[in-house]
Amino acid sequence: MTSSAAEETISSLKTEALEQLSAASDEAALESWRVEFMGRKGRLTGILRNLGSLESDERRAAGAAANRLKGELESAFEEQVAAGKRSGASGAAPDAIDVTLPGRRPRHGRLHPSTQVIREMLDAFNEMGFQTVEGNEVELERYNFDMLNIPADHPARDMQDTIWINRERDSIDGGVLLRTQTSPMQPRTMEQQDPPVRIVSPGKCFRTEATDATHEWQFHQVEGLAVDEGLSFADLKGTLYEFARRLFGADRKVRFRCDFFPFVEPGVDMSVDWNGRWVEILGAGMVHPQVLRNVGYDPEKYTGFAFGVGPERVAMLKYGIEDIRHFFSNDLRFLSQF
Ligand code: PHE
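Residues numbered from 1 in each chain as written. Predicted model: local features only at pLDDT ≥ 70, side-chain atom pairs only at ≥ 80, totals over all residues. Heavy atoms only, no water.

A closer look at the overall build of the protein chain
Here comes step 1: Scanning the protein chain for helices and strands turns up 11 helices and 10 strands.
Here comes step 2: Rg of the C-alpha trace for the protein chain: 36 Å, well past the compact-globule value of 20 Å for 338 residues, more than 25% over.
Here comes step 3: Each principal axis of the C-alpha atoms in the protein chain carries an extent, and together these give about 115 × 50 × 35 Å.
Here comes step 4: Residues classed as buried in the protein chain amount to 42% of the 338 residues present.
Here comes step 5: Within the protein chain, counting contacts between residues at least 6 apart in sequence, those at least 24 apart form 63% of the total.
Here comes step 6: Put simply, the protein chain shows about 18800 Å² of open surface, and 48% of that area lies on carbon and sulfur atoms.
Here comes step 7: Across the protein chain, 40 positive and 53 negative side-chain charges occur, with their mean positions spaced 6 Å apart. (Helix = DSSP H or I, 4+ residues; strand = E, 2+ residues; numbered from the N terminus. Rg over C-alpha atoms; globule rule 2.2 N^0.38 Å. Buried < 20%, exposed > 50% of the residue type's maximum accessible area, 1.4 Å probe, protein only. Contact = heavy atoms within 4.5 Å. Areas by Shrake-Rupley, 256 points an atom, 1.4 Å probe, with all protein chains shown as cover. Lys, Arg positive; Asp, Glu negative; His and termini not counted. Charge placed at Lys NZ, Arg CZ, Asp CG, Glu CD.)

Given below as structure tokens:
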């Protein structure tokens, strides 16, 4: 059977109609497709209407083809409408959801173990009267080092291999860096207020560390600072003992040892017993008189103590985590245990 001009029109209309239909993804597009092809003044109706002007043989063949097309387009249209309803507005494949599967409980998110431990630590210090303040991860050299009694060229800088953003020292602020410690919040807080000061400041710190089981190049610290008249080393120890009791229970042994930090004098670190091993979790000490002078406090009148705790270290002890690198490797098998 040779196809007539009318049948050719019908078949090219079919191609065009189906192509446009499959591109019609929302209700408005579907409706305008329906009007264009199937409506009372639509293109298919136009063809059906013109059949009368054809020779009878041709008319029979073309009429049958046009009616077949009408049926095909109607069911294709229904199918497209149903697919649109199934996938919603997202445009996802219609079979993306198998509605016959049994229901499953959606997975709940939760706080990162570091965040959980930080909050627990802040709770403990808040209840002892320390107020939480937050600082910036991008810090000025002046606050990260100079104000903390770590001048440029002082060998103590080598203790903290620094990730610099800008090393230029063209003003008193110095360069710009990712803070290596939360201690810059000590001078920043003291500059803003007079004693008494009692703050804790949590946040992320960064160093160019060769990573191993106890060292990461990014980690958190919780800084603490208290300045007032008559504060002594006994206040420091009492505060940190109470903190350790809160986090590890009354039975856990802790130990202080002398340590050096340029912004405290004397300086200590505190370790916690872990299966017969001492694990260091914080540095601390009495605020160095030079640091007090740097912010305009009178070291003859005021004394203070400061500490910096590593929450990842605390979490490792609390939960028996062997490797600090788990914290930031983003493995759900690890993270979902907390
Ligand atoms: N900032 C010190 C560090 O990162 C810790 C510290 C804080 C020590 C406060 C003393 C006082 O190692």
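Next comes the rest of the account.
Regarding the pairing of strand β8 (residues 264-274)
Here comes step 1: β8 sits mainly inside the fold: nine of its 11 residues count as buried.
Here comes step 2: Pairing geometry for strand β7 (residues 254-259) and β8, over six bridges, is antiparallel. Looking at the pairing, V254 lines up with V272 of β8.
Here comes step 3: In textbook terms, the turn of a hairpin is the stretch between consecutive antiparallel strands, and for β7 and β8 this stretch comprises four residues.
Here comes step 4: Bridging between β8 and strand β9 (residues 277-287) involves nine bridges; their strand directions are antiparallel. By the bridge assignment, S271 is partnered in β9 with E280.
Here comes step 5: Following β8, the chain reverses through two residues before pairing antiparallel with β9; N275 in that reversal takes a positive phi of roughly 50 degrees. (Pairing = 2+ DSSP bridges.)

Comments concerning the sheet that holds strand β3 (residues 163-166)
Here comes step 1: Spatially, three strands are ordered β2-β4-β3 in an open sheet, and the strand pairing comes out antiparallel. Every other strand in the sheet has two partners, leaving β2 (138-140) and β3 as the edge strands with one partner each. In this sheet, adjacent strand axes meet at a mean angle of 40 degrees when their direction is disregarded.
Here comes step 2: Examined bridge by bridge, β3 and strand β4 (residues 176-178) share three bridges and lie antiparallel to one another. Looking at β4, one finds that I163 is bridged to L178. (Axes fitted to C-alpha atoms, helices over the stretch in contact; angles between N-to-C directions.)

Considering the domain arrangement of the protein chain
Here comes step 1: Segmentation of the protein chain into domains returns domain 1 (3-87) and domain 2 (113-335).
Here comes step 2: Centre-to-centre separation of domain 1 and domain 2, based on C-alpha positions: 74 Å. (Domains from an automatic or database assignment.)

Here we look at the pattern of salt bridges
Here comes step 1: Per the counting criterion, the structure on display carries 19 salt bridges.
Here comes step 2: One salt bridge in this structure joins R142 and E191, with 3.3 Å as the shortest N-O distance. Within this pair, whereas R142 is found in helix α6 (residues 141-144), its partner E191 is found in helix α7 (residues 185-192), the two being separated by 49 residues in sequence.
Here comes step 3: A relative accessible area of 34% means that E191 is categorised as partly exposed.
Here comes step 4: A network of salt bridges, in which partner residues are shared, links E141, D146, R157 and R169. (Salt bridge = Lys/Arg side-chain N within 4 Å of Asp/Glu carboxyl O.)

Considering unusual backbone geometry
Here comes step 1: With an omega of 0 degrees, the peptide bond running from P195 to P196 counts as cis.
Here comes step 2: For P196, the position within the fold is in the loop between α7 and β5 (197-206).
Here comes step 3: Following E265, the chain continues to P266 via a peptide bond in cis, the omega torsion being 0 degrees.
Here comes step 4: For P266, the location among the structural elements is in strand β8.
Here comes step 5: Backbone geometry at N149 places phi at a positive 70 degrees, although glycine is not the residue there.
Here comes step 6: Position of N149 relative to the elements: it lies in the loop between α6 and β3.

Notes on the packing of helix α1 (residues 5-23) against helix α3 (residues 43-50)
Here comes step 1: Where α1 contacts α3, the axes come no closer than 11 Å and their chain directions differ by 170 degrees. Taken as axis vectors, α1 and α3 run roughly antiparallel relative to one another. Together, T9, I10, L13 and E16 of α1 and R43, L44 and I47 of α3 make up the contact between the two elements.
Here comes step 2: Here the contact of α1 with α3 is composed, by residue class, of four nonpolar, one polar and two charged. (Parallel < 35°, antiparallel > 145°, perpendicular 65-115°, else oblique. Nonpolar A, V, L, I, M, F, W, Y, C, P; charged D, E, K, R; others polar.)

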